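# A look at the structure
Given next are the chains, with one letter for each unit.
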Amino acid sequence: MQKSLVTTLATLTAVAGTARADVLSLDSSGSDTSSGWFATVDKTLEEQPHWVCPVVTVFPQLVEEYRYDEIVQNKVGGTVLTNDGGGVRGLELIPSEHVEILIGQPGYMNLQTPKTTISGWTDESLLVKYRFLSANEENGNYVVSGFLGVSLPTGNTIFTQNATVTTPTLAVGKGWGSRWQGVAVMSTLSESFPSGNQNYLGEATVWNTAFQGHFSTYFWPEIETSLTHWKGGVFSGKDQLIVTYGINFGRISLGGRIRLTVGVGYQTANMSGFSTFGSGWIATTRLLF
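Everything numeric here is computed off the predicted structure, so don't read it as measured data.

### Details of the overall build of the chain
A count of helices and strands for the chain gives 3 helices and 16 strands. Out of the 289 residues in the chain, the part that is buried amounts to 46%. Approximately 13500 Å² of the chain is accessible, and the part contributed by carbon and sulfur atoms is 63%.

Quick look at the structure:
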């Protein structure tokens, strides 16, 4: 994992440098940023709370960023599953005031057992967010959004779901405090509907909640819970509760519009009678623009 994180940070530093140069080039050319794409982004961000993205829970706010995650899970029998870039992560854009689109980055999986290692790509994911209601810290400090996610069966044989999976989600958040310190609760409720392969996948209902604090300029500690219930499939009738203890550092200015947020979390799935893994780590890096 350490080698992967070093490579990831080096790549992101290069991307940040390129993006910073592009933004500074736009600024130095005298472009009018009071209208157009960035003006829409700035207006959208100002109309909602200024919390940072949790380590796991999908942000109920709209955001324009590139996000990359590293996930490591320890399973039974000495098996370790590593996901480079996994989850609903990738390029997030705000094309209009109430809308965000996410173009996912398929994760690259490594399944290491005591005898062998299997590697391959996961499925492509796409997501659209629509923000119904929101208010910044001075006007109520809340947000209500809806998501529609789609996972396409583009991954390698061992890691694909072999079906298109549609996932509608309701997301809410409420904060107390100011832009500089306070606490917030963010929660999402989703259900997944596969187009096929139901005997294996079933339908998963997932309830994620993040309890986040903000106690100094860059310090955002948090605790997150994720409760999954399966209907049908190989895990039919089972429930899994994952607890994540995490911290984010951000938003750190890199010049121009570019800001950096990094986070890390320790996950345990032993809070319920059933779990697909024992414990794990997740590291996240986000470039906001």
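And the narrative resumes.
### A few points about the pattern of salt bridges
A complete count under the given rule lists 12 salt bridges for this structure. Across the pair glutamate 137 and arginine 179 runs a salt bridge, and its minimum N-O distance is 3.9 Å. Of the two residues, glutamate 137 is situated in the loop between strand E7 (124–135) and strand E8 (142–152) and arginine 179 in the loop between strand E9 (165–177) and strand E10 (182–191); the sequence distance between them amounts to 42 residues. The exposure class assigned to glutamate 137 is buried, which follows from its relative accessible area of 11%. Look at arginine 179 and you get partly exposed, because its relative accessible area is 23%. A salt bridge links glutamate 138 to arginine 179, with the shortest nitrogen-to-oxygen separation between them at 2.9 Å. Of the two residues, glutamate 138 is situated in the loop between E7 and E8 and arginine 179 in the loop between E9 and E10; the sequence distance between them amounts to 41 residues. The exposure class of glutamate 138 is partly exposed, given its relative accessible area of 47%.

### Quick look at a nonpolar patch on the surface
Residues Trp176, Val183, Phe215, Tyr218, Phe219, Phe249 and Ile252 make up a contiguous nonpolar surface patch of roughly 650 Å² in combined accessible area. Mapped onto the fold, phenylalanine 215 is located in the loop between strand E12 (203–214) and strand E13 (219–231). Judged by relative accessible area, phenylalanine 215 falls into the exposed class, the value being 51%.

### Some details on helix H2 (residues 37–46)
Within H2, the full set of buried residues consists of Ala39, Val41, Thr44 and Leu45. At its buried positions, H2 is contacted by strand E3 (90–96), E7 and strand E15 (258–268).

### Details of the packing of aromatic side chains
Per the counting criterion, the structure on display carries 7 aromatic pairs. One aromatic cluster is present, built from ring pairs that chain together Trp230, Phe235 and Phe274.

### Quick notes on the nonpolar core
By size, the foremost hydrophobic cluster in this structure holds 10 residues: Trp51, Val52, Cys53, Phe59, Val63, Val143, Ala184, Met186, Trp220 and Leu288. Ignoring any residue separated from it by four or fewer positions in sequence, one finds valine 52 in contact with Phe59, Met186, Gln212, Trp220, Asn248 and Arg251.

### Focus on the side chain of threonine 167
Structurally, threonine 167 is set in strand E9. Since its relative accessible area comes to 18%, threonine 167 is described here as buried. Reaching out from threonine 167, the side chain makes a polar contact with the side chain of serine 192 at a distance of 3.1 Å. Ignoring sequence-local partners within four residues, the contact set of threonine 167 consists of Phe147, Leu148, Gly149, Ser190, Glu191 and Ser192.

### Observations regarding unusual backbone geometry
With an omega dihedral of 0°, the bond running from glycine 250 to arginine 251 counts as a cis peptide bond. On the secondary structure map, arginine 251 appears in strand E14 (residues 239–255). Backbone geometry places asparagine 141, a non-glycine residue, at a positive phi of 60°. Within the secondary structure layout, asparagine 141 lies in the loop between E7 and E8. Non-glycine residue asparagine 197 carries a positive phi angle of around 60°.

### Observations regarding the pairing of strand E16 (residues 279–288)
If a strand is regular, its side chains alternate between the two faces of the sheet. The buried fraction of E16 amounts to 9 of the 10 residues, a majority that puts the element mostly inside the structure. Looking at chain direction, strand E1 (residues 65–74) and E16 are connected through 10 bridges and run antiparallel. Opposite arginine 67, over in E16, you have arginine 286 as the bridge partner. Sheet analysis places E15 next to E16, joined by 10 bridges and oriented antiparallel.

Reading the values: the criteria
- Residues numbered from 1 in each chain as written.
- Predicted model: local features only at pLDDT ≥ 70, side-chain atom pairs only at ≥ 80, totals over all residues.
- Heavy atoms only, no water.
- Helix = DSSP H or I, 4+ residues; strand = E, 2+ residues; numbered from the N terminus.
- Buried < 20%, exposed > 50% of the residue type's maximum accessible area, 1.4 Å probe, protein only.
- Areas by Shrake-Rupley, 256 points an atom, 1.4 Å probe, with all protein chains shown as cover.
- Salt bridge = Lys/Arg side-chain N within 4 Å of Asp/Glu carboxyl O.
- Patch = residues over 30% accessible without salt bridge, like charges linked within 9 Å, V, L, I, M, F, W, Y side chains within 5 Å.
- Contact = heavy atoms within 4.5 Å.
- Phe/Tyr/Trp six-rings, centres within 6.5 Å; stacked < 30°, edge-to-face > 60°.
- Core = buried A, V, L, I, M, F, W, Y, C linked by side-chain atoms within 4.5 Å.
- Polar contact = N/O pair within 3.5 Å; in protein donor to acceptor, adjacent residues only side chain to side chain.
- Pairing = 2+ DSSP bridges.

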